[in-house]
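Tertiary structure, described
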Amino acid sequence: MTTVSAKEITADQLNPEQFIEEKATEIAAAVGDGVAINALSGGVDSSAVTMLGHRALGDRLKTYFVDNALMREGEPQQIVDIFADLGVRVELIDAREEFLAALEGLTDPEEKREAVTQTFYKDIFAKLVRESGAKYLLQGTILTDVDETVAGIKRQHNVFEQIGIDPEEAFGYQIIEPLIQLRKDGVRKVAQASGLPESIHNRMPFPGPALAARIIGAVTAERLDLVRGATVILETELAGVDAFQYMAILHDDRVTGMRDGERDFGLQIEVRCWDSVDARTATPTRLPWETLEKLSARLVNEVPGVVSVTYNLATKPPSTMEVV
Ligand code: XMP
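All of the points below concern the structure found in this document. (Residues numbered from 1 in each chain as written. Predicted model: local features only at pLDDT ≥ 70, side-chain atom pairs only at ≥ 80, totals over all residues. Heavy atoms only, no water.)

A separate point is the overall build of the protein chain. Looking only at helices and strands, the protein chain has eleven helices and ten strands in total. Over its C-alpha atoms the protein chain spans a radius of gyration of 20 Å, differing by no more than 12% from the 20 Å that the globule rule assigns to 324 residues. Here the C-alpha coordinates of the protein chain stretch approximately 70 × 40 × 40 Å along the principal axes. Every one of the 324 residues in the protein chain was classed for burial, and the buried ones make up 55%. Considering only contacts in the protein chain between residues 6 or more positions apart, those separated by 24 or more positions represent 74%. Accessible surface for the protein chain amounts to roughly 14700 Å². Of this, 49% is attributable to carbon and sulfur atoms. (Helix = DSSP H or I, 4+ residues; strand = E, 2+ residues; numbered from the N terminus. Rg over C-alpha atoms; globule rule 2.2 N^0.38 Å. Buried < 20%, exposed > 50% of the residue type's maximum accessible area, 1.4 Å probe, protein only. Contact = heavy atoms within 4.5 Å. Areas by Shrake-Rupley, 256 points an atom, 1.4 Å probe, with all protein chains shown as cover.)

Have a look at this one:
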């Protein structure tokens, strides 16, 4: 299965059932009678790969959910439960301490992304590979991840070969990427055809570096709690909105506010909500003013220390969808 010079299959061209059959056959041939592992985050990409891999390998695919301390409220157990209902056993790995330690003291966006990448592939995964005896990692890299990394826009956490890193040499295992020819809209079709529920096949994208991509500056347990709380509120208030993706971002700089008649040099949350087809370009959703007002009121009242809420109006490009 070649991953380096992948030819795009557009969502229109895609026949999902045929794609599933072909990829399952290719995975089975590549892995032979060996064992493979994969990490499931619950996003549509890793979920589709999990289904393809289990179809190809059955129990010879070991699926792990790595709790990296950067996930949304309740997310690890929710995802494990959804897959249990589909008959797919997912082992939950608690790696919160390792990731927080790796992020400690880092503020530069690319250094933060690199720390998440290295901890994931070199520490956590290399250990899981050793323990399971797997020689292969199945991974849900899609064409947009490759494009943006190769263009030097943003180092996606899951792109190696295309930028000259040999995973076998760097980490000691090979990576199989069955979705590399697709973009998000194509992956959704594959996910639906493979029997995943709507909460997964229609799931809003969530980045690999997770909430670390939504914190400007230092990522600490306390700051993660703040952005996690803001995310619960935002996802509740915008649940009915037809948008590609929405997110709450914790800024690094503080602004002067007032609370109970006193000065409060407080925190800022930025709200972003995007219309997009494939994440390559995006425009801010024209949210109703009332929705923004209610969201803002909840964020300042319920997230400790927040005195400012802003809504991003810039398009991608020149913006990107995440802030880090
Ligand atoms: P950007 O911020 O690059 O985001 O405009 C485009 C889409 O990709 C998601 N994203 C990521 N996904 N690993 C991922 O798996 C990453 O490092 C990453 N960074 C951004 C983002 O949420 C959006 O849907």
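With that settled, the discussion passes to a negative patch on the surface. Residues E161, D166, E168 and E169 make up a contiguous surface patch of negative charge. Tracing the backbone through its elements, the reader meets E161 in the loop between helix 6 (143-150) and helix 7 (167-171). What makes E161 partly exposed here is its relative accessible area of 31%. (Patch = residues over 30% accessible without salt bridge, like charges linked within 9 Å, V, L, I, M, F, W, Y side chains within 5 Å. Salt bridge = Lys/Arg side-chain N within 4 Å of Asp/Glu carboxyl O. Lys, Arg positive; Asp, Glu negative; His and termini not counted. Charge placed at Lys NZ, Arg CZ, Asp CG, Glu CD.)

In globular proteins that are soluble, nonpolar side chains generally tend to be buried together. Residues F83 and L179 are the most contacted members of the largest nonpolar core, which totals 87 residues. It is helix 5 (residues 109-132) that contributes the most residues to this core, eight residues altogether. Each of two domains, domain 1 (16-201) and domain 2 (215-311), supplies a minimum of three residues to this core. In contact with L179, other than residues within four places in its own chain, are F19, D45, A48, V49, L52, G140, T141, I142, L143 and V187. Of all hydrophobic cores here, the second largest spans seven residues; its members include F244, W274, A279 and M321. (Core = buried A, V, L, I, M, F, W, Y, C linked by side-chain atoms within 4.5 Å. Domains from an automatic or database assignment.)

Across the sheet, which stays open at both edges, the five strands sit in the order 3-2-1-4-5 with parallel pairing between neighbours. Because the sheet does not close on itself, it has two edges, and the strands there are strand 3 (90-94) and strand 5 (174-176). Ignoring which end each strand starts from, the neighbouring axes of this sheet average 30° apart. Bridge count for strand 4 (residues 136-138) against strand 5 is three bridges, and the pairing is parallel. Paired with Y136 across the strands is Q174, a residue of strand 5. (Pairing = 2+ DSSP bridges. Axes fitted to C-alpha atoms, helices over the stretch in contact; angles between N-to-C directions.)

On to the pairing of strand 3, then. As defined by bridge partners, strand 2 (residues 61-67) adjoins strand 3 across five bridges and the pair is classed as parallel. Of the residues in strand 3, the one forming a bridge with T63 is V90. This β-α-β element, strand 2 to helix 3 (residues 75-85) to strand 3, shows right-handed connectivity. (Right-handed = clockwise from strand over helix to strand, strands pointing away.)

So, on to the pattern of salt bridges. For the structure shown, the criterion picks out 20 salt bridges. Here D67 makes a salt bridge to R96, at a shortest N to O gap of 3.9 Å. Pair noted here: D67 is in strand 2 and R96 is in helix 4 (residues 96-103), with a separation of 29 residues, a long-range link. Judged by its relative accessible area of 13%, D67 falls in the buried class. According to the relative accessible area criterion, R96 is partly exposed, its value standing at 41%. A salt bridge links R228 to D225, with the nearest nitrogen and oxygen atoms 3.0 Å apart. With a gap of three residues between them, R228 and D225 both fall in helix 10 (residues 221-237), about one helical turn apart. Judged by its relative accessible area of 14%, R228 falls in the buried class. Here the salt bridges share partners, and the residues they tie into one network are R72, E75, R203 and E235.

Following the sequence through the fold, S276 ends up in the loop between strand 8 (262-275) and strand 9 (283-284). Separated by 162 residues in the primary sequence, S276 and E114 have C-alpha atoms spaced 27 Å apart. Apart from residues no more than four positions distant in its own chain, S276 is found in contact with F244, T281, A282 and M321. Here A279 takes part through its backbone nitrogen, which lies 2.8 Å from a polar atom of the side chain of S276. Among the polar contacts listed, one links the side chain of S276 to the backbone oxygen of T281, at a separation of 2.7 Å. (Polar contact = N/O pair within 3.5 Å; in protein donor to acceptor, adjacent residues only side chain to side chain.)

A regular strand carries its side chains on alternate faces of the sheet. In terms of burial, strand 8 is a largely internal element, ten of the 14 residues being buried. Strand direction decides the pairing type here: strand 6 (residues 245-250) and strand 8, joined by six bridges, are antiparallel. Bridging from a neighbouring strand, L250 pairs with I269 of strand 8. Linkage of strand 7 (residues 255-259) to strand 8, two consecutive antiparallel strands, is achieved through a turn of two residues, within which D260 is found at a positive phi near 50°.

Let us look at the packing of helix 4 against helix 5. What describes two packed helices is the angle between their axes and the distance between those same axes. The interhelical angle for the contact between helix 4 and helix 5, taken along N-to-C directions, is 140°, at an axis separation of 9 Å. For the element pair helix 4 / helix 5, the angle class is oblique. Crossing handedness for the pair helix 4 and helix 5: right-handed. Counted together, E98, F99, A102 and L103 of helix 4 and K112, A115, V116, T119, F120 and I124 of helix 5 form the full contact between these two elements. For the contact of helix 4 with helix 5, the class distribution of residues is seven nonpolar, one polar and two charged. (Parallel < 35°, antiparallel > 145°, perpendicular 65-115°, else oblique. Left-handed = near helix turned anticlockwise from the far one by under 90°. Nonpolar A, V, L, I, M, F, W, Y, C, P; charged D, E, K, R; others polar.)

This is a description of form; function is not addressed.
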